[in-house]
Structures are given as structure tokens and as C-alpha cells.
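Structural description and commentary
Each chain, letter by letter, is given below.
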Amino acid sequence: MEDDWVPVKFPENFDQMMEDMANSNEPRIGGCLLCNSPIRTVADLIPGSNVHNCEVGSSFQSEVTAQEQAAEHPPKAEMSQRCRRPRTRSNSRREC
Ligand SMILES: [Zn+2]
């Protein structure tokens, strides 16, 4: 008889979390691939991500965040220097 076991409290969005983890290749609860430490609870994760909140995980996450931001806001492509041609043809206009 094991009547003294403590029921595990799942967070309200546990289903969503499981779905996110199933759809993600990132480290899941159970172990950190970056530092080989066990991840026991979501409290061990960086808030808003599935990455272990450890030194390696933090730098990894900051890299991912930077890449995501770069993807959302790509650096301006080099503007090809176009010659501005006057609409009206003028003989004396200098061409590029
Ligand atoms: Zn870790």
C-alpha cells in the first residue's frame, strides 16, 4: 500500500507544453542536452522557452533569440546604388 504518495500538480497549460515539446527539437524536461543535467520541472527552464536555465542553456537561448530577431528583422540588404535618372531627357545632365 502506498497511500502517502503526493499527487503531482500539473500546470494548467501542461497539455500545451507537451504539445510544444512534441513539436520541438529542443531539450525537453528530463534532461538538458547542453549541460547533461536533469531537468525536473519547468522552473528549471528559461521562462518562455524549452531551454534549460543553465549557463550553457542561457547562452544557447540568447543565440536562438538573436537569430529569431534577426529573422524577423533582417539587416537591410545592401541598396544597389541606382542612378537617378531625370525623367525628362536633358542633354546637359550628368549620367552616373
Ligand atoms: Zn542545462
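Residues numbered from 1 in each chain as written. Predicted model: local features only at pLDDT ≥ 70, side-chain atom pairs only at ≥ 80, totals over all residues.

Some remarks on the overall build of the chain
For the chain, the helix and strand inventory stands at two helices and zero strands. Residues classed as buried in the chain amount to 9% of the 96 residues present. Considering only residue pairs separated by 6 or more positions, the chain has 19% of its internal contacts joining residues 24 or more positions apart. (Helix = DSSP H or I, 4+ residues; strand = E, 2+ residues; numbered from the N terminus. Buried ≥ 20, exposed ≤ 12 C-beta atoms within 10 Å, placed from the backbone. Contact = placed C-beta atoms within 7 Å.)

Quick word on helix α2 (residues 55–72)
Between its first and last C-alpha, α2 extends 26 Å over 18 residues, near the 26 Å set by a 1.5 Å rise per residue. Buried within α2 we find Gly57, Phe60 and Gln61. Looking down the long axis of α2, one finds its buried residues gathered within 100° of arc, a one-sided arrangement. For α2, the exposed residues set more than 90 degrees away from the buried face come down to Glu55, Ser59, Ser62, Glu63, Ala66, Gln69 and Ala70. (Expected span 1.5 Å × (residues − 1). Arc of directions from axis to C-beta.)

Here we look at unusual backbone geometry
Positive phi values are uncommon outside glycine, yet Asn36 reaches one of about 60°. Structurally, Asn36 is set in the loop between α1 (14–22) and α2.

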